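Fold and contact review
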Amino acid sequence: MNALRTSGLGKRYRQRWALREATIAVPAGARAALVGPNGAGKSTLLNLAAGLLTPTTGRAEVFGRPLETAAVAFVAQDKPLYRRWSVADLLRFGSATNPRWDRAAAQALLSGHDISLRERVDRLSGGQRTLLALALAVGKRADLVVLDEPLAELDPLARLQVMSVVRELEATVLLSSHILADLAEVCDHLILLGAGRVGLCGSFADLLSSHSATDLEDLVLHYLRNPEAVR
Ligand SMILES: Nc1ncnc2c1ncn2[C@@H]1O[C@H](COP(=O)(O)OP(=O)(O)OP(=O)(O)O)[C@@H](O)[C@H]1O
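- As named in an unreviewed UniProt entry, the protein chain is ABC-2 type transport system ATP-binding protein, taken from Nonomuraea angiospora.

1. A few points about the sheet that holds strand β5 (residues 65-66)
- Pairing is antiparallel in the open sheet, where four strands are placed in the order β2-β1-β4-β5. Of all the strands in the sheet, just β2 (16-27) and β5 have a single pairing partner and so form its edges.

2. Comments concerning the nonpolar core
- Counting 50 residues, the largest nonpolar core has L132, L134, V145, L147, V166, L183 and L190 as the members making the most contacts within it.
- The element that contributes the greatest number of residues to this core is helix α4 (residues 126-139), accounting for seven residues.
- Not counting residues up to four positions away in its chain, the partners in contact with L190 are A33, V35, L200, C201, G202, F204, L207, L216, L219 and V220.
- In this structure, A30, V62, A70 and V146 belong to the second largest nonpolar core, which totals 25 residues.

3. Considering the site of the ligand
- Around the ligand sit 13 residues, and of these N38, G39, K42, S43 and T44 come closest.
- One of the side-chain N or O atoms of N38 is found 3.0 Å from an oxygen atom in the ligand.
- In this structure, S43 approaches the ligand through a main-chain N or O atom, which is 2.8 Å from an oxygen atom.
- Going through the elements one at a time, β2 and α1 (42-49) are the ones with two or more residues in the shell around the ligand.
- Considering every element that reaches the shell around the ligand, the biggest residue donor is α1, with three residues.

What counts and what doesn't
- Residues numbered from 1 in each chain as written.
- Predicted model: local features only at pLDDT ≥ 70, side-chain atom pairs only at ≥ 80, totals over all residues.
- Heavy atoms only, no water.
- Pairing = 2+ DSSP bridges.
- Helix = DSSP H or I, 4+ residues; strand = E, 2+ residues; numbered from the N terminus.
- Core = buried A, V, L, I, M, F, W, Y, C linked by side-chain atoms within 4.5 Å.
- Buried < 20%, exposed > 50% of the residue type's maximum accessible area, 1.4 Å probe, protein only.
- Contact = heavy atoms within 4.5 Å.
- Near = heavy atom within 4 Å.
- Polar contact = N/O pair within 3.5 Å; in protein donor to acceptor, adjacent residues only side chain to side chain.

Structure below.
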């Protein structure tokens with residue numbers, strides 16, 4: 001079963017395509033790393049997968065269902081949570097708006113990282129805000145968690161904490177980052193974008209063996225240096 005399946009997915013802004021003909025499949029339970037140079041279309045793909053952008057072409061399905069009916073959580077690059085609210089306000093909002101809300105699971109993640117329910121969101125550190133966004137995804141019982149560069153700008157300890165939570169999530173994960181070493185630790189699948197097109201898509205194991213690459217960095221750098229040679 002595929003958690004995320006897109007076919008011919010594309011997004012155009014005026015005359016310019018940010019993403020073209022993206023056909024990908026992410027199996028249920030996978031942790032997929034989304035990689036590519038600046039401007040390759042990663043955020044566009046993540047926003048489309050989370051249902052936050054309307055595609056110009058094609059479509060995306062989560063567990064065979066249209067995005068509108070799927071349980072997808074999005075952890076945005078700038079984590080624009082309601083900054084003036086307290087953590088407890090956000091949990092209450094979740095339970096008021098979602099009948100499937102799992103308050104205990106969300107609260108367990110927060111208390112495991114010493115995040116007080118009384119704290120205001122704008123007083124949390126970047127790492128704590130990312131953990132809060134992940135707690136909300138857990139509370140939502142999301143089937144697919146989409147994270148746009150969640151590790152950027154985090155100090156080493158916060159990065160380790162976020163990576164360990166992402167590794168333990170029960171949902172399927174789609175995560176973008178430029179830090180290949182982190183992705184190699186957390187993920188088992190790769191989607192590589194170049195100039196708005198999907199260059200590679202598959203499990204690390206299959207891609208490494210079919211391209212005779214030693215590790216993720218070797219594979220990705222080889223592609224980025226010579227995109228035409230790698231398919
Ligand atoms: N709202 C928008 N209006 C116009 N062009 C846009 C818009 N959003 C993205 N683009 C363009 O689409 C292309 C892909 O952008 P996107 O943000 O998806 O890339 P990215 O791979 O996430 O980049 P980065 O690694 O720098 O975050 C870029 O050329 C960008 O300028």
